[in-house]
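So you can see what is in the structure, the chains are spelled out below.
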Amino acid sequence: MSSSLLIDRLVEALRCLPGVGPKSAQRMAFHVLERDREGARRLAEMLLLAVEKVGHCTLCRTLSETELCKVCSSEHRNRALLCVVETPADVEAIEQAASYSGLYFVLMGRLSPLDGIGANEIGLDALGDRLDKGEVKEVILATNSTVEGEATAHYIAEIARSCGVKTTRIAQGVPLGGELEYVDGGTLAHALVGRREL
Amino acid sequence: MTKRVSLQPCYVLHRRSYRDTSALLDVWSAEFGRVGLVARGVRRPRSRLQGLIQPFQPLLLSWSGRGELYTLAKAEACGSVFRLDGDLVFSGFYINELMIRLVHREDPHPGLYSVYENTLRALAVLSSTAYAGAQSREPSIMALDGLAFAEQRALRLFEKRLLEHIGYGLMLDRDAEKGAPVEKDRNYGYILDRGPVTQHGVALQPGVSVISGRSLLSLAREELNTEESLRDAKHLMRIALDTHLGGKPLQSRRLLITFKKQSRRFIGGDVGHH
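What counts as what
- Residues numbered from 1 in each chain as written.
- Chains lettered and ligands numbered in written order.
- Predicted model: local features only at pLDDT ≥ 70, side-chain atom pairs only at ≥ 80, totals over all residues.
- Heavy atoms only, no water.
- Salt bridge = Lys/Arg side-chain N within 4 Å of Asp/Glu carboxyl O.
- Helix = DSSP H or I, 4+ residues; strand = E, 2+ residues; numbered from the N terminus.
- Buried < 20%, exposed > 50% of the residue type's maximum accessible area, 1.4 Å probe, protein only.
- Core = buried A, V, L, I, M, F, W, Y, C linked by side-chain atoms within 4.5 Å.
- Contact = heavy atoms within 4.5 Å.
- Domains from an automatic or database assignment.
- Buried area = accessible area lost by both parts, 1.4 Å probe.
- Polar contact = N/O pair within 3.5 Å; in protein donor to acceptor, adjacent residues only side chain to side chain.
- Expected span 1.5 Å × (residues − 1).
- Arc of directions from axis to C-beta.

Draft legend 1. Spotlight on the pattern of salt bridges. All names here are of chain B. One pass over the full model with this rule turns up 25 salt bridges over all chains. The partner of Lys3 in a salt bridge is Glu106, with the nearest N and O atoms 3.9 Å apart. With Lys3 in strand β1 (residues 3–18) and Glu106 in the loop between α1 (88–102) and α2 (110–130), this pair connects stretches of sequence that are 103 residues apart. Residue Lys3 is classed as partly exposed on the basis of its relative accessible area, which comes to 23%. The salt bridge partner of Arg161 is Glu222, with a shortest N-O separation of 2.5 Å. Of this pair, Arg161 sits in helix α3 (residues 141–165) while Glu222 sits in the loop between α4 (213–220) and α5 (227–244), placing them 61 residues apart in sequence. Arg161 gets classed as partly exposed once you look at its relative accessible area, which sits at 24%.

Structure, rendered in structure tokens:
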């Protein structure tokens, strides 16, 4: 504990950040107070502003400060393609990695009955309504490759089928540059099942 | 007292993220019953356990520690994962939720381990028959009917055996009042904490359901090969489970119901089994 109550409280507050324990929180607190008060002020202002202004895109549910996010409001995207992902971080990952031109739908989670997360908690009712409208021609399921991610994918596939929309699942298998010897059994099994003709 | 367990056959019933890179596991083990484990670092991008520490994967786990939460030390696969494709994964969630809700932590039930494992195996076999072929993820309607029946049967048998192992087994083959064997051509009133009775008028009392002797015996012998016996068993098991679940509904059941509604919309109101 330091001599100042305010510093203690700052350290405590910083610990809400991921990966920040007591030690690093203290280092951050001392750093901004000793060396970078201007940066701290900027950070505080930005935090306040972002927390107040950033909500969810009404179309894809990702984090956005406008009613429609950048992707959803863009005129250059293919509106017939819809990629379903679990988190906004997944959107960023796909945006940076792939030349994907369609839209997204962000579940903000996955089906997990044992945690009390059902279909409505991840917006599947809204997704169903959207698919019903007929604009989307293909749904790409890019949920995680976990048991819960697969269950979510299956559930959404069923919704899409009831709306007559084509559904695809992203491929799973050997990572790029990966050596078979070191790939785990489950992944290898998936890779074999999902093989394709050359 | 530090406890050390080495290479214990286990299944992960549930996994929840914990801190940045760790996970809290609810594990079902052969010798020690349900235990809580912390799997440190399992969510690191390069963790080799990432894909392994999943439900329905037969595992050998080693852990140590004291108190209520142990630390996972080592994990290896012992056999390949039971693949539950399509709807079957919801049944997998269901049996996991029942285990978590009904089996106390660190209360060993040696016989129940194989019951759990055999149920998973039965579901996985259904999964591989229904979703046979690499590309097809859509079973035919014919297969769907048989599949739903076999799936329901596996779940009912699991429920029955689970209740038996945790000490709430149902009396099924004897009249609870007279001690006489249940007769297949009679109807019985079923009083939960006692068993089947033939007493006149008992069926009209609240909390008593009517069930045929035929269905009672079918469940007692673990046959359940007619639609009727399966339906009656489901009804009886539902009431029995609900009393032990303390009024809090099963989330996986809720999920399955919304899912079935969704599929029914597609097939056009023609799914009669659930």
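Draft legend 2. Structural view of the nonpolar core. In this structure, Leu124(A), Leu131(A), Phe90(B) and Tyr116(B) are the most contacted members of the largest nonpolar core, which totals 94 residues. Not counting residues up to four positions away in its chain, the partners in contact with Leu124(A) are Leu107(A), Leu111(A), Ala119(A), Tyr155(A), Ile156(A) and Ile159(A).

Draft legend 3. Local environment of the domain arrangement of chain A. Domains assigned within chain A are domain 1 (5–53) and domain 2 (56–169). Spacing between the C-alpha centres of domain 1 of chain A and domain 2 of chain A amounts to 34 Å.

Draft legend 4. Main features of the interface of chain B and chain A. Taken together, the contact between chain B and chain A spans 31 residues of the former and 27 residues of the latter. Counting each side, the surface lost to burial between chain B and chain A is near 2400 Å², with a carbon and sulfur contribution of 63%. One can count two salt bridges joining chain B with chain A. The closest approach of N and O atoms between Asp115(A) and Arg16(B), which form a salt bridge, is 3.8 Å. Put simply, chain B and chain A have six residue pairs in polar contact (both at pLDDT 80 or more) between them. Per-element tally for the side of chain B that touches chain A: the top contributor is helix α6 (residues 251–267) of chain B, with 10 residues.

Draft legend 5. Seen up close, α5(B). Residue and element names in this part refer to chain B. Spanning 18 residues, α5 covers 26 Å between terminal C-alpha atoms, matching the ideal 26 Å at 1.5 Å per step. Buried within α5 we find Ser229, Leu230, Asp232, Ala233, Leu236, Met237, Ala240 and Leu241. All buried residues of α5 fall inside an arc of 165 degrees around its axis, so they share one side. Gly246, located one to two residues past α5, shows a positive phi value of around 65 degrees.

Draft legend 6. Quick look at unusual backbone geometry. Residues and elements named next belong to chain B. Even without being a glycine, Arg19 presents a positive backbone phi close to 50 degrees. Mapped onto the elements of the fold, Arg19 is located in the loop between β1 and β2 (22–29). Residue class for Arg19 comes out exposed when judged on its relative accessible area of 63%. Phi angles above zero are rare outside glycine, and Glu222 is one such case at about 60 degrees. Since its relative accessible area comes to 22%, Glu222 is described here as partly exposed.

Draft legend 7. How the structure looks around the environment of Asp175(B). Residues and elements named next belong to chain B. Looking at the secondary structure, you find Asp175 in the loop between α3 and β6 (187–191). Sequence-wise, Asp175 and Glu106 are 69 residues apart; in three dimensions their C-alpha atoms are separated by 35 Å. Leave out the neighbours within four places in its chain, and Asp175 touches Ala180, Val182, Tyr188, Pro196, Val197 and Thr198. Separated by 2.8 Å, the side chain of Asp175 and the backbone nitrogen of Glu177 make a polar contact.

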